[in-house]
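# Report on the structure
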Amino acid sequence: MSHTLALNNYTIYAGQTRLIHNISLQIKTGEILALIGSSGSGKSLTCCAALGALPHGLHQSSGSVIFDDHQITHEQLRGHTISTIMQNPRSAFNPVHTMKQHALETLTIGKQIKTDSYSDVIVKTMREAGLDQPEKILSLYPHEMSGGMLQRMMIALTMLSGSPFLFADEPTTDLDLVMQSKILELLKSLVDKQQLGILLVTHDMGVVAKLAHRVAVIDQGQIVEHNSISTIFTRPAHPITRELVNAHLSLYNMALE
Ligand SMILES: Nc1ncnc2c1ncn2[C@@H]1O[C@H](COP(=O)(O)OP(=O)(O)OP(=O)(O)O)[C@@H](O)[C@H]1O
């Protein structure tokens, strides 16, 4: 079943300073929307606002999340409608909980179900997320795992949660190139095979080119362009988009016409 998630009219202030102005984005299941922009343009704040997790001291003057035409609360969406994976996976785990505790918590959150019978599901899902020896990993604490393993575990937890949408904020930045490529392949396969919808925040235009279906470009807290991947790379409309595409193409001694 296909779903739509719309972030509507988000505006955020720090005191009198407006950081995000009237941002709206729409994501469908089975596709990846990349949110790109230079450092400090407002990518992470947009995600945080939609998740109801704004840093202390910031104020949201407008904004709502609409799931399949119904407005939903942050409590309803976190872990149910939207899962998250972030740049530093270590910070997303409870340091005193094992992977098994995290997995069981994800499976049972908000549900009155017995947890004993779920080991098979967890082990199978971890294997699908590329974690070898899942039984062994389940007994580990976060500090006993590498960044790449933790990111795979985050993806396994996303799969276990059954959330139709994922916010992935720089999900591969902290990983080596081989692991980056494996994690990106895994995300792509979740979109293709399980119809996950992803909002992908990234600086990396190579990642955008490889994964995204559509691209939204943010500059100084506003969406300045929203287009298909082919248009973004062949006929970018906004100067900021041209700059980002040209910076990427220059790696290959190429430039836009
Ligand atoms: N807690 C805060 N208090 C005040 N200003 C903030 C706060 N958090 C972020 N900002 C400001 O809001 C703007 C957008 O920040 P945000 O973290 O969303 O940028 P970003 O596009 O995700 O950047 P990066 O790519 O470097 O992660 C920046 O100007 C930043 O300085």
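Since the structure is predicted, the reported quantities are computational estimates derived from the model, not experimental observations. Chains are numbered independently. Their residues run from 1 in the order of the written sequence. Local features in a predicted model are, by the rule used here, given only for residues with pLDDT of at least 70; side-chain atom pairs are given and counted only at 80 or more, and totals for whole chains, interfaces and linings are based on all residues. The side-chain numbers reported here are obtained from all heavy atoms of the structure, hydrogens and water having been left aside.

### Some words on the site of the ligand
Note on terminology: near, applied to a residue and a molecule or strand, indicates that one of the residue's heavy atoms is within 4 Å of it. The ligand sits among 13 residues. The nearest are Ser39, Gly40, Lys43, Ser44 and Leu45. Definition of a polar contact: a pair of N or O atoms within 3.5 Å, with one able to donate and the other able to accept a hydrogen when the atoms are protein atoms, and with sequence-neighbouring residues admitted only if both atoms are side-chain atoms. Contacts to the ligand include Leu45, whose backbone N or O atom sits 2.8 Å from an oxygen atom. Side-chain polar atom of His203 to an oxygen atom of the ligand: 2.9 Å apart, as the coordinates give it. By definition, any uninterrupted DSSP run of H or I lasting at least four residues is a helix, any uninterrupted run of E lasting at least two residues is a strand, and each is numbered from the N terminus. When residues in the shell around the ligand are grouped by element, the largest group, three residues, is from helix α1 (residues 43–50). As a working rule, the residues Ala, Val, Leu, Ile, Met, Phe, Trp, Tyr, Cys and Pro are called nonpolar, Asp, Glu, Lys and Arg charged, and the rest polar, with Gly in that last group. Class assignment for the residues of the shell around the ligand results in five nonpolar, seven polar and one charged.

### Let's talk about the sheet that holds strand β5 (residues 70–72)
The four strands lie next to each other as β2-β1-β4-β5, forming an open sheet whose pairing is antiparallel. Edge positions in the sheet fall to β2 (17–28) and β5, since each of these pairs with one other strand and no more. Between one strand axis and the next, the sheet turns by 20° as a mean value, whatever way the strands run. A pair of strands is treated as paired once DSSP finds two or more bridges between them. With three bridges connecting them, strand β4 (residues 58–67) and β5 associate as antiparallel partners. Opposite Ile66, over in β5, you have Gln71 as the bridge partner. Here, two residues are considered to be in contact whenever any of their heavy atoms come within 4.5 Å of each other. Think of each axis as a best-fit line through the C-alpha atoms, taken over the contacting stretch in the case of a helix, with angles from 0 to 180 degrees between the N-to-C directions. On the sheet, α1 packs against β1 (4–14), β2 and β4 and is oriented at approximately 110° with respect to β1.

### A few points about the packing of aromatic side chains
Aromatic rings in a pair are described by how distant their centres are and how their planes are angled relative to each other. Only rings of Phe, Tyr and Trp enter the pairing, Trp through its six-membered ring, and a pair is recorded when the two centres are within 6.5 Å. The plane angle decides the type: under 30 degrees is stacked, over 60 is edge-to-face, the rest tilted. What the rule picks out here adds up to one aromatic pair. Each ring, one from Phe67 and one from Phe165, has its centre 6.3 Å from the other, and the planes form 90°; the classification is edge-to-face. Here the residue Phe67 occupies a position in strand β4, and Phe165 occupies one in strand β7 (residues 165–169), the gap between them amounting to 98 residues. You can call Phe165 buried: its relative accessible area is 0%. Relative accessibility thresholds used throughout: buried, under 20% of the residue-type maximum; exposed, over 50%; partly exposed, between the two (1.4 Å probe, protein chains only).

### Digging into the packing of helix α3 (residues 99–108) against helix α6 (residues 147–161)
At a minimum axis distance of 8 Å, the contact between α3 and α6 shows a crossing angle of 25°. Between α3 and α6, the interaxial angle falls into the category roughly parallel. By crossing handedness, the relation of α3 to α6 is classed as right-handed. Here Met99, His102, Ala103, Thr106 and Leu107 of α3 lie close against α6, whose contacting residues are Leu150, Met153, Leu157, Leu160 and Ser161. Among the residues making up the contact of α3 with α6, the classes are represented as seven nonpolar, three polar and no charged. Roughly parallel refers to an angle under 35 degrees, roughly antiparallel to one over 145, roughly perpendicular to one between 65 and 115, and oblique to any angle outside these ranges. Throughout, a crossing is termed right-handed when the near helix is turned clockwise from the far one, and left-handed when it is turned anticlockwise from it by less than a right angle.

### Brief notes about the nonpolar core
Here, nonpolar core means buried Ala, Val, Leu, Ile, Met, Phe, Trp, Tyr and Cys residues that are tied together by side-chain atoms lying within 4.5 Å of each other. Within the largest apolar cluster, 53 residues are counted, with the highest numbers of intra-cluster contacts made by Met153, Ile198, Val208 and Val215. No other element matches the eight residues that α6 contributes to this core. Apart from residues lying up to four places away in sequence, Ile198 is in contact with Ile27, Glu31, Ile32, Leu33, Leu166, Ala168, Leu187 and Val191. Among the nonpolar cores identified, the runner-up in size contains 26 residues, and Ile12, Ile23, Ala49 and Val65 belong to it.

### Comments concerning unusual backbone geometry
Residues other than glycine seldom take positive phi values, yet Glu170 does so here, at roughly 50°. Overall, the relative accessible area of 7% leaves Glu170 in the buried class. Even without glycine at this site, Asn253 takes up a positive phi of about 55°. Locating Asn253 in the fold gives a position in the segment after α10 (239–250).

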